[in-house]
Amino acid sequence: MKDRILITTPLKSTWPIDGEPVLFLGEWCKLFSQQHLLLNMDYKVVPYHWDDRKKLNQDFFYLIDLYEVILQELSEKLNLIHDVNHSLRYWRILVGPWLLVFIPLLYDRWESLQKASSSFSISKTSVLDYANLESIAFDMSHFEHLMKTDHWNHFIYSSILNKTKLIKTSNVKKIPPEEFIPSRVKPSNSQSSRELILKIIKGLSNLLSGNNNIFIIDSYLSKIDLLKLQLKLFQFPALYSSPEIEQTNPEMKTRDWSLPTSKGESSFEIFVREFIPIQIPAVYLEGYEKLNAKSNTMPWPSNPKLIWSSNTWYAEEVFKIWSAKKAELGVPLVAGQHGGVYGTGLFSMPADHELKICDYFLSWGSKKWDSSKNNNKIIPIGIFKKYKKRIEKTSVLMISSDLCRYSNSLVSLPMSTQCLEAFDNEFTFISLLPDYILNDLVVRPFKYEYGWSYHDRLKDRFPKIKIDAGEDRLENLFLRSKISISTWNATTYLETLSLNIPTMIFWDPEHSEVKKSAEKYFDILKKVGIFHDNPESAANHLIKIWGDIDGWWESSEVMSAKDIFIDRYANNKDLLGKLTRALQESAN
């Protein structure tokens, strides 16, 4: 077997310059913009360890169990460090979102290196010399930025290799802080007139809503529906937001501690416990006192009877610590669904987390879908978004998505390199369409670019294709479409189905596994041509119905299948009435 130099990221300063055979750790190393560099290279790529989805499913449960053990240990340590005595639930709400991403992320990097080492002959790999402090996030929002960057992931791979000695390493150069990773982007001081007016309205509503019994923040409702709901609840309408916090820099002297290890633990479990003190975001350690003090100054109700949020349980540190303290006082916490996968995806760490931290969970369907002990927390409500009536039907809208090149939280969706296979399925679908359909096709990529260069790949394959890269609101694209085509188990197909917009769905069920309880509902959609498990079937069906899309959609068979599905997963009946009753009952 030929010796190869391992390359862990696309950072060219770590690539050999003398034409030696190389081994890419994954497809994330091969940027689309660098494909010309590969033409004369002798290279291989390590198969992604989670291409074995059975292993992924097993690892999901292993990592959930490990998270629970380490969360308990970390909670006890943070109580000791900060001289407090908060509950496990308090720390789950505050630090849990970071830990629930960090542990699977480390495991993924660990397993990738293990697979490379065991499957190939590797002579060495180059590592960059980083200062530990530069790799530490300030808060969860900053961490979410860091974990997507090549430098930070190279640092993680290097740290694992330095610990395990799996592969011989050679240092290339020391990386100055400004080259490593940009600091958290600070908000601009300049504000548009609309933003200024909204800020004034929020400030006034905060002052006048101090006696509100039900605190609602980032509910996923439109502003109009939020206003109507609060009037139904007989409380002053308020627009709340969680502020950013003052940045606190990490210090290594405050990180000279470790989590307990015991006999029988794996090398990975020992590494995680040693690495958490080095990597835990500063807001939970050096900045904890400032965060706690900030939460005590918020112009929010002092004695709410209930707290509801759909989108604020992850990166909004002030809200998290404030709600965690209120929960310890007995205030019920309500989480709300804010996208797809809930109830349909086979596994989802974010969904599990939200169900564990809340007292009640407001779902988009009309039925409870969780079979665990958390099932009694679920209150079926309906989809929280509403749109205007449809206008002219001019386009075929295909809505794509994207996920990070470097995997993090575990969800039953395409992960890391599997995104490229999802893109290939979309491109196959497009390639099978005749010109008379292609002329009406508009592709809407995901709003965030995660490094796969989807837009460039699409244009390279189909130079004349129409792409809406965010120029128009997704709502307007929905309302102008003859038919909407969704290619991921995400939010959009639930929204278009609930709006009664002709909808088709296709994805690879091998990379988007659904719950056993959901299979029969997707089978119902499949029988009438709404759901397809391959791009060829989807393209053939669109060609078949092209002459009379509305006739197909409005047929009794299709309407019945659609209604059965949305009743289960995206109900749209009496939303505000059900919300009002659920919140009032949960607050009593």
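Here we summarise the structure given alongside this text. The structure displayed is predicted, hence computed values, not measured ones.

**A look at the overall build of the protein**
Each helix and strand in the protein was counted, giving 22 helices and 16 strands. Taken over C-alpha atoms, the radius of gyration comes to 25 Å for the protein, in line with the 25 Å a tight globule of 588 residues would show. Along the first, second and third principal axes, the C-alpha set of the protein runs to 65 × 65 × 50 Å. Burial analysis of the protein (588 residues in total) assigns 57% to the buried set. Contacts spanning at least 24 positions in sequence make up 76% of the contacts within the protein whose residues lie at least 6 apart. Looking at the protein as shown, the accessible area adds up to about 25,200 Å², and 51% of this sits on carbon and sulfur atoms. Distance between charge centroids for the protein: 4 Å, based on 71 positive and 71 negative side chains.

**With respect to the pattern of salt bridges**
Under the definition given, this model contains 27 salt bridges. We note a salt bridge from Lys320 to Glu317, for which the minimum N-O separation is 3.1 Å. Taken together, the positions of Lys320 and Glu317, both in helix 11 (residues 317-328) and three residues apart, correspond to about one turn of that helix. Given the relative accessible area of 0%, Lys320 is considered buried. Judged by relative accessible area, Glu317 falls into the buried class, the value being 3%. Linking Asp574 and Arg581 is a salt bridge whose minimum nitrogen-to-oxygen distance equals 3.1 Å. On the basis of relative accessibility, which here comes to 45%, the residue Asp574 falls in the partly exposed class. Judged by its relative accessible area of 41%, Arg581 falls in the partly exposed class. Taken together, the shared-partner salt bridges in this structure form one network comprising Lys2, Arg4 and Asp42.

**Considering the packing of helix 18 (residues 516-527) against helix 21 (residues 556-569)**
Contact pair helix 18 / helix 21: the axes reach a minimum separation of 8 Å and the direction vectors enclose 150°. In this view, helix 18 runs roughly antiparallel relative to helix 21, as classed from their interaxial angle. The crossing of helix 18 and helix 21 is left-handed. Touching Ser517, Ala518, Tyr521, Phe522, Ile524 and Leu525 of helix 18 are Ala561, Lys562, Ile564, Phe565, Arg568 and Tyr569, all from helix 21. In terms of residue class, the contact of helix 18 with helix 21 is made up of nine nonpolar, one polar and two charged.

**A closer look at the nonpolar core**
By size, the foremost hydrophobic cluster in this structure holds 179 residues, and its most contacted members are Trp308 and Leu542. Per-element tally for this core: the top contributor is helix 3 (residues 96-119), with twelve residues. Within the second largest apolar cluster, five residues are counted, among which are Leu397, Ile399, Leu477 and Phe478.

**Examining the sheet that holds strand 13 (residues 466-467)**
The strand order 13-12-11-14-15-16 describes an open sheet built from six strands, whose pairing is parallel. At either margin of the open sheet sits one strand with a lone partner, and together these are strand 13 and strand 16 (531-532). Summarising the sheet, strand 15 (residues 503-506) and strand 16 pair through two bridges and their orientation is parallel. Each residue of the ladder has a partner; that of Phe506, found in strand 16, is His532. Set on the sheet, helix 19 (residues 535-545) makes contact with strand 11 (395-399), strand 14 (481-486), strand 15 and strand 16; between it and strand 15 the angle comes to about 160°.

**Some details on the sheet that holds strand 10 (residues 378-380)**
The sheet built from five strands is open, its strands ordered 6-7-8-9-10 with parallel pairing. Across the chains shown, the open sheet's two edge strands, defined by having one partner strand only, are strand 6 (214-217) and strand 10. Sheet twist, expressed as the average angle between the axes of neighbouring strands with direction ignored, equals 20°. Relative to strand 8 (residues 333-336), strand 7 (residues 306-309) runs parallel, the two sharing three bridges.

Cut-off values and rules
- Residues numbered from 1 in each chain as written.
- Predicted model: local features only at pLDDT ≥ 70, side-chain atom pairs only at ≥ 80, totals over all residues.
- Heavy atoms only, no water.
- Helix = DSSP H or I, 4+ residues; strand = E, 2+ residues; numbered from the N terminus.
- Rg over C-alpha atoms; globule rule 2.2 N^0.38 Å.
- Buried < 20%, exposed > 50% of the residue type's maximum accessible area, 1.4 Å probe, protein only.
- Contact = heavy atoms within 4.5 Å.
- Areas by Shrake-Rupley, 256 points an atom, 1.4 Å probe, with all protein chains shown as cover.
- Lys, Arg positive; Asp, Glu negative; His and termini not counted.
- Charge placed at Lys NZ, Arg CZ, Asp CG, Glu CD.
- Salt bridge = Lys/Arg side-chain N within 4 Å of Asp/Glu carboxyl O.
- Axes fitted to C-alpha atoms, helices over the stretch in contact; angles between N-to-C directions.
- Parallel < 35°, antiparallel > 145°, perpendicular 65-115°, else oblique.
- Left-handed = near helix turned anticlockwise from the far one by under 90°.
- Nonpolar A, V, L, I, M, F, W, Y, C, P; charged D, E, K, R; others polar.
- Core = buried A, V, L, I, M, F, W, Y, C linked by side-chain atoms within 4.5 Å.
- Pairing = 2+ DSSP bridges.

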